[in-house]
Amino acid sequence: MQFGMVNSASSAFEAARPTPRFLVTGAKGCIGAWVVRNLVRRGNPPVIFDVDDSNHRLRALLSPEELQSVSFVRGDVTRLTDLESAVDGHGITHIVHLAALQVPACAAQPIMGAMVNVIGTLNVFEAVRRRRDLVKQIVYASSAAVYGPEEFYGARRVGEDAPPYPGTHYGVFKQCNEGNARVYFATEGISSIGLRPWAVYGVGRDQGLTSGPTKAIKAAVLGRPYTIRFTGGLDLQYVRDTAEIFVRCAELGLEGARVYSLRGTVTQTSQFIETLTRLLPQARGLVRAEGQPLPIAYDLDDSALVRDLGEVPRTPLEDGIRETADLFTRLHREGRLDTRDLDT
Ligand SMILES: NC(=O)c1ccc[n+]([C@@H]2O[C@H](COP(=O)([O-])OP(=O)(O)OC[C@H]3O[C@@H](n4cnc5c(N)ncnc54)[C@H](O)[C@@H]3O)[C@@H](O)[C@H]2O)c1
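Not measured: the values here are computed from a predicted model.

Q: I tried to follow the overall build of the chain on my own but got confused; where do I start?
A: Scanning the chain for helices and strands turns up 13 helices and 12 strands. Along the three orthogonal principal directions, the C-alpha set of the chain runs to about 60 × 50 × 45 Å. Split into buried and exposed, the 344 residues of the chain put 53% on the buried side. The contacts of the chain with a sequence gap of at least 6 include a subset with a gap of at least 24, amounting to 80%. Across the chain, the 39 positively charged side chains and the 39 negatively charged ones have centroids separated by 2 Å.

Q: Would you explain the side chain of T269 in this entry?
A: The residue T269 is located in helix α11 (residues 269-279) in this model. A polar side-chain atom of T269 sits 2.7 Å from the main-chain carbonyl oxygen of G232. Contact partners of T269, with chain neighbours within four places excluded, come to I228, F230, T231, G232, L234 and A289.

Q: Where do I start with the nonpolar core in this structure?
A: If you look at the biggest cluster of nonpolar residues, it comprises 83 residues, and the most contacted ones within it are V35, Y147, L195, F246, F272, L276 and L305. A total of 8 residues in this core trace back to one element, the largest contributor, which is helix α2 (residues 30-41). In terms of nonpolar packing, the next biggest core, distinct from the first, is built from 23 residues, L83, V87, A127 and V128 among them.

Q: How should the sheet that holds strand β7 (residues 199-201) be read in this particular structure?
A: Backbone-to-backbone hydrogen bonds join strands into a sheet, with any given pair of strands oriented parallel or antiparallel. A sheet is described by the order of its strands in space; here 3 strands give the open sequence β7-β9-β11, paired in mixed fashion. For this open sheet the edge positions go to β7 and β11 (265-268), each flanked by a neighbour on one side alone. Taking the axes of each pair of neighbouring strands and ignoring which way they run, one obtains an average angle of 40 degrees across the sheet. Along the sheet, α11 contacts β9 (233-238) and β11; its crossing angle with β11, the most-contacted strand, is approximately 100 degrees.

Q: Looking at this model, I keep getting lost on the pattern of salt bridges. Mind explaining?
A: Two side chains carrying opposite charge are able to pair once their charged atoms lie near each other. Taken as a whole and assessed by the stated rule, the structure comprises 30 salt bridges. Measuring nitrogen to oxygen at the nearest pair gives 2.6 Å for the salt bridge that ties E178 to R196. Separated by 18 residues along the polypeptide, E178 in helix α8 (residues 169-188) and R196 in strand β6 (residues 192-196) bring together distant segments of the chain. Note on accessibility: E178 and R196 belong to one class, buried. Connected through salt bridges with shared partners, the residues E84, D88, E126, R129, R130 and R131 form a single ionic network.

Q: What is the right way to look at the sheet that holds strand β5 (residues 137-141) in this model?
A: The parallel open sheet is built from 7 strands, whose spatial order is β3-β2-β1-β4-β5-β6-β10. The strands lining the two open edges of the sheet, one partner per strand, are β3 (71-74) and β10 (257-261). Each strand of the sheet is rotated relative to its neighbour by a mean of 15 degrees, with strand direction disregarded. Of the strand pairs in this sheet, β5 and β6 are connected by 4 bridges, and their pairing is parallel. Considered in β6, the bridge of Y140 is made with G194. Of the strands in this sheet, β4 (94-97), β5 and β6 are in contact with helix α7 (residues 110-129), which crosses β4 at around 175 degrees.

Q: Honestly, the site of the ligand in this entry has me stumped. Any pointers?
A: Inspection of the region around the ligand gives 28 residues, with I31, D50, D76, Y170 and Q207 positioned closest. In this structure, Y170 approaches the ligand through a side-chain N or O atom, which is 2.5 Å from an oxygen atom. Burial of the ligand by the protein amounts to 95% of the accessible area it has alone, namely 830 Å². When contributions to the shell around the ligand are tallied by element, the ones reaching two or more residues are α2, α8 and β7.

Q: How should I be thinking about the environment of P197 in this particular structure?
A: With respect to the helices, strands and loops of the structure, P197 is situated in the loop between β6 and β7. On the basis of relative accessibility, which here comes to 6%, the residue P197 falls in the buried class. Counting along the chain gives 40 residues from P197 to Q237, while the straight-line C-alpha distance between them is 7.5 Å. Residues within four places of P197 in sequence aside, it is in contact with S142, S143, A144, Q237 and L262.

Q: I would appreciate a short explanation of the packing of aromatic side chains in the present structure.
A: Both the distance between ring centres and the angle between the ring planes are used here to describe each pair of aromatic rings. All chains considered together, the criterion is met by 7 aromatic pairs. On the numbers, 4.9 Å between centres and 85 degrees between planes, the contact of F152 with Y153 is edge-to-face. When its relative accessible area of 4% is taken as the criterion, Y153 is described as buried. Through a chain of ring-to-ring contacts, the aromatic side chains of Y147, F152, Y153 and Y165 assemble into a single cluster.

Q: Would you mind going over α7 with me for this structure?
A: Over its 20 residues, α7 runs 27 Å from end to end, which matches the ideal 28 Å to within 8%, given 1.5 Å per residue. Among the residues of α7, those classed as buried are G113, V116, N117, V118, G120, T121, N123, V124, F125, E126, A127 and V128. Elements in contact with the buried residues of α7: α5 (80-90), β4, α6 (103-108), β5, α8 and β6.

Rules and cut-offs
All chains use their own residue numbering, which begins from 1 and follows the written sequence. Totals for whole chains, interfaces and linings use every residue, but because this is a predicted model, local features are given only for residues with pLDDT of at least 70 and side-chain atom pairs only at 80 or more, for both listing and counting. No hydrogens and no water enter the side-chain calculation; it runs on all heavy atoms of the structure. Strands here mean DSSP runs of E at least two residues long; helices mean DSSP runs of H or I at least four residues long; both are numbered from the N terminus. Buried residues are those whose accessible area, probed at 1.4 Å on protein chains only, stays under 20% of the maximum for their type, while exposed residues exceed 50% and partly exposed ones sit between those limits. Residue contacts are counted whenever heavy atoms from the two residues lie within 4.5 Å of one another. His residues and chain termini do not enter the charge count, which takes Lys and Arg as positive and Asp and Glu as negative. Positions of charges follow a simple convention, taking NZ of Lys, CZ of Arg, CG of Asp or CD of Glu. Pairs of N or O atoms within 3.5 Å make up the polar contacts considered here, provided that, within protein, one atom can donate a hydrogen while the other can accept it, and that residues adjacent in sequence are counted only when both atoms are side-chain atoms. Each nonpolar core is a collection of buried residues, namely Ala, Val, Leu, Ile, Met, Phe, Trp, Tyr and Cys, held together in the definition by side-chain atoms within 4.5 Å. Pairing between strands requires that DSSP locate at least two bridges from one strand to the other. Lines fitted to the C-alpha atoms define the axes, with helices restricted to the stretch that makes contact. Angles between their N-to-C directions range from 0 to 180 degrees. Salt bridges are defined as contacts in which a side-chain nitrogen from Lys or Arg sits within 4 Å of a carboxyl oxygen from Asp or Glu. If even one non-hydrogen atom of a residue comes within 4 Å of a molecule or strand, that residue is called near it. To measure how exposed things are, a 1.4 Å probe is used in the Shrake-Rupley method; for residues, cover is taken only from the protein chains shown. Aromatic pairs are defined between Phe, Tyr and Trp rings, using the six-membered ring for Trp, whenever the two ring centres lie within 6.5 Å; interplanar angles under 30 degrees are classed as stacked, those over 60 as edge-to-face, and all others as tilted. Here a helix's expected span is defined as the number of its residues, less one, multiplied by 1.5 Å.

Listed below in structure tokens is the structure:
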């Protein structure tokens, strides 16, 4: 009886609480498209904020009806006014900030990289600073690229408090964002959560340093040769899980400037290829890896995330490869599989 009373009180509270209104920057990217899909399927279609005009990843993951339910804002995170008008125009209460240039683009054009990755993130915090009564939560993508090579940390699992030692401009920009988030909390009381994925894989992962495993799955489905451009250890995180973690962190409403590492399947590139060719035997002899290991520690401790989030989704690698291959196969059958990334 008492239990029932508690329940009805809490559902009255739930009913009184307004539904969060999400703005997702970089929503047309890989993780973004899965975050949008997640929110749409929760019955809470978000506002998409992206500079890109094409919808190819969203179209691969959402039905035309689902796509119609979301609002699109063409905007550039390097322009504060674009963000401010999106937040004001749509009554935004939660921001998932994913817009960024990836490692190769930041290496080729560091100034542009800093504009998008650092100034763009500052703009998100500035937009919130001016509306902090309205916007309750920022979750932003940091990266495992803030860490140095595995050897730098010795033979131990690397925690969030381990010293960053990024070996790329991209990693330095992400480290800078984490520092700015800390200062915004200390000086303005703006809470945020930064998440550090390693190598996200799944449909939509068609660019960036660690997109090789996903491209290998696509090539395997098509029976084409593919070479992953690195060897050694990696942590493969299925994109559906990553998206779910971003959304759940946004809903948490924790105070502070928190940063969490993510952890999926810690493995070796050679083992990934072995698993792939066992699941898709037609790939045997076609998928290989060459090059140096990536200089980023890959055995990361996610116990802080597990502590604060509760159960963390962790799709086993075999299931993630199967789901990805099935979705690629379906898209191929329907004549909708984009294969341009296999040539890059
Ligand atoms: N994919 C991974 O394995 C991985 C690992 C660690 C961190 N991350 C981080 O997660 C986030 C999302 O990664 P992803 O793989 O989905 O990236 P992605 O490259 O697929 O998507 C990035 C999106 O940002 C948009 N964008 C770029 N510049 C913009 C601008 N100036 N204004 C508005 N939008 C802009 C792009 O159009 C694109 O849709 C990024 O911040 C990335 O650094 C990704």
